[in-house]
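# Secondary and tertiary structure notes
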Amino acid sequence: MRRYFNTEGLCDPKEHYMVRLDERLAEIKQLYVDRKKYFAINRGRQYGKTTTLYALAAYLKDEYTVLSVDFQELGTADFVNEAVFVRAFSRLLMEAADMKAADIEAADMEAAVMDEDGMKNMSELLKELSDMPGNSGLNELFIRLSRLCLKAQKPVVLMIDEADSASNNQVFLDFLAQLRGYYLARRKKAIFHSVILAGVYDIKNLKLKLRPEAEHKYNSPWNISADFDMDMSFSVLQIAGMLREYASENHIEMDVREVAEEMERYTSGYPYLVSAVCRLMDEKLPAEEESLNIWTKSGVARAVNMLLKKSTPLFESMVKQLDIYQELREMLEQILYQGRHIPFEPDVEPISIGKMFGFLKEENGQTAVSNRIFEMKLLNTFITREALQSESYRYSQSHISQFITDGRLDMERVLEKFVVHFHDVYGSENDKFIEDYGRKFFLLYLKPIINGTGNYYIEAQTRNAKRTDVIVDYHGEQFVIELKIWHGKEYHERGEKQLAGYLDYYHTEKGYLISFNFNKHKKTGIQKIQIGSRTIVEAVV
């Protein structure tokens, strides 16, 4: 069967095109497992946590006995009390050992012989768990787990995937407390060599869910956990390696480095987003665009546009969390609409929550949206929700035809009409109102014009309280639009030259500038400025 790009669940290099994880696995082994660390891999949804655990278990098998369980296999009833949880957890461990034995039987003969005695020994030790009385609690469980780890031929590593699915269950926190106790006493008592939990929520947040009052917020039984700060996003080189395999197997010519760099610009290496873009380029674009070269920078942009129109579990989760955490939503709106610089402080709750879900990251000491696709999706979400109340949106929506000529977007016409419309509707507002919301109104005005055919994003490198660059992609043609707050003639002229230089990056001769000018003697309207070979179309509002 032909390999493909997988976006659902576990990735297997035998079946799927995927980034090679060898270096990452070696680093986890060296820095964490070999050093007997207990730690949690907390990342946003579909960030490759399960795939990493699966690959790590295989990577460790020569030196360690790995028992890997998934708490999604447990239901709410399995946490009703200690006795029920102990039986359920014991069953998971025994099933994990049976699966490991089956893997050995399916492996090559030499590997099977090497590990056969060890697995027989582990199976016998695990049988002690099934012999526990039906009312056994956590104390009895850990006595037997300690005996198992003492007698095992190899150090035992415990992996628990989807650990946060046990949230709101006190029994699980008591289980973690037992792990902590044995960890602290492991010079006297045998216990797991290393423990790895994986999930979106960290244990501190599980405690917060159970006991929201302030004095319990950070009193977690998992305070023995080592910080797992490894970057799990995909680099340009890793993406390029995957694309090179794909191109070779499918006899496709592409500039691998260029395509990989473009994917990284949109995704910042978020694993699901990389795979989703690749899958759309491989499976969907060929059917729709047979005459075009798909594996190019413009092909990446078309795939991103297609992805943003899809309803995916990741996007659905993002919208859901914004409804739950209003402070996070307000912070994102300030960053995207107003160019606010918010220092990155991970202990501030909305920043902590945004980072946990994978929506936010630290960038040069500031809080930033994690990747360009998330920015575009968030902007689309915010704008769609405001569209019904927006005069700008309704006006441009009802006049779309005048902005499109022979299938091409007439950006100069868009700016002309925006100046007139803005003054008709918002001209009486005060300067502070316009400074905070002027850019939002332009984005609301622009959205229905390009909706369904084009897309836009805000350039993170130039976004600040005084300047924002919007990049519009319409039928493969790019428009660079700078939105600037007027701060004097000298600053303004310097900005015009900066924009002209910025056009070099996008290989375009014309750029567009919207100046929100609070000078009472300003002259509104459209003018053209020539700077070398570049033309700047400026709209003064």
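Before any of the text, the structure's been laid out above.
This section reports on the structure supplied with the text.

Procedures and definitions
Residues numbered from 1 in each chain as written. Predicted model: local features only at pLDDT ≥ 70, side-chain atom pairs only at ≥ 80, totals over all residues. Heavy atoms only, no water. Pairing = 2+ DSSP bridges. Helix = DSSP H or I, 4+ residues; strand = E, 2+ residues; numbered from the N terminus. Salt bridge = Lys/Arg side-chain N within 4 Å of Asp/Glu carboxyl O. Buried < 20%, exposed > 50% of the residue type's maximum accessible area, 1.4 Å probe, protein only. Axes fitted to C-alpha atoms, helices over the stretch in contact; angles between N-to-C directions. Polar contact = N/O pair within 3.5 Å; in protein donor to acceptor, adjacent residues only side chain to side chain. Contact = heavy atoms within 4.5 Å. Parallel < 35°, antiparallel > 145°, perpendicular 65-115°, else oblique. Left-handed = near helix turned anticlockwise from the far one by under 90°. Phe/Tyr/Trp six-rings, centres within 6.5 Å; stacked < 30°, edge-to-face > 60°.

### Regarding the pairing of strand 5 (residues 360-363)
In terms of strand pairing, strand 5 meets strand 6 (residues 366-369) through four bridges, oriented antiparallel. By the bridge assignment for strand 6, K361 is matched with A368. Connecting strand 5 to the antiparallel partner strand 6 that follows it, the hairpin turn spans two residues, and N364 within it adopts a positive phi of roughly 55°.

### Section: the pattern of salt bridges
Tallied over the full model, the rule gives 23 salt bridges. R385 is the partner of D323 in a salt bridge, and the nearest nitrogen-oxygen pair spans 2.8 Å. Separated by 62 residues along the polypeptide, D323 in helix 13 (residues 313-324) and R385 in helix 16 (residues 372-387) bring together distant segments of the chain. Of the residues examined, D323 reaches a relative accessible area of 40% and is grouped as partly exposed. Take R385: its relative accessible area is 35%, and that puts it in the partly exposed class. One salt-bridge network, in which partners are shared between bridges, spans R3, R20, E245 and E249.

### Focus: the sheet that holds strand 2 (residues 65-70)
Across a sheet, paired strands are connected by hydrogen bonds in the backbone, their directions being either parallel or antiparallel. On the basis of which strands lie adjacent, the open sheet formed by four strands has the order 1-4-3-2 and parallel pairing. The strands lining the two open edges of the sheet, one partner per strand, are strand 1 (38-42) and strand 2. Between one strand axis and the next, the sheet turns by 15° as a mean value, whatever way the strands run. The sheet contact formed by strand 3 (residues 156-161) and strand 4 (residues 194-199) spans four bridges and is parallel. Paired with I160 across the strands is L197, a residue of strand 4.

### A look at the side chain of S194
Mapped onto the elements, S194 comes out in strand 4. The exposure class of S194 is buried, given its relative accessible area of 0%. A distance of 2.6 Å separates the side chain of S194 from the backbone oxygen of K37, its partner in a polar contact. Beyond its immediate chain neighbours, meaning those up to four positions away, S194 contacts Y32, V33, K37, Y38, F39, V156, V157 and L158.

### Quick notes on unusual backbone geometry
Generally, phi is negative for residues other than glycine and the peptide bonds are trans, each holding for most cases. Here K36, not a glycine, exhibits a phi torsion of approximately 65°, which is positive. Among the secondary structure elements, K36 is positioned in the loop between helix 1 (22-33) and strand 1. The exposure class assigned to K36 is partly exposed, which follows from its relative accessible area of 43%.

### Some points on the packing of helix 13 against helix 16
Between helix 13 and helix 16, the shortest axis-to-axis distance is 11 Å and the interhelical angle comes to 55°. When the axis of helix 13 is compared with that of helix 16, the two are oblique. Handedness of the crossing formed by helix 13 with helix 16: right-handed. Along its contact with helix 13, which presents L314, F315, M318, V319, L322 and D323, the element helix 16 presents I373, F374, K377, L378, T381, F382 and R385.

### Focus on the packing of aromatic side chains
Aromatic rings considered in pairs are described by the distance between their centres and by the relative angle of their planes. Counted according to the given criterion, the structure contains 35 aromatic pairs. With centroids separated by 6.3 Å and ring planes inclined at 20°, the aromatic side chains of F172 and F175 adopt a geometry described as stacked. Of this pair, F172 and F175 are both found in helix 6 (residues 170-184), three residues apart, which corresponds to roughly one turn of the helix. Measuring from ring centre to ring centre gives 5.3 Å for F418 and Y445, while their planes differ by 65°; the resulting arrangement is edge-to-face. With a gap of 27 residues between them, F418 in helix 18 (residues 411-426) and Y445 in helix 19 (residues 431-450) connect regions that are remote in the sequence.

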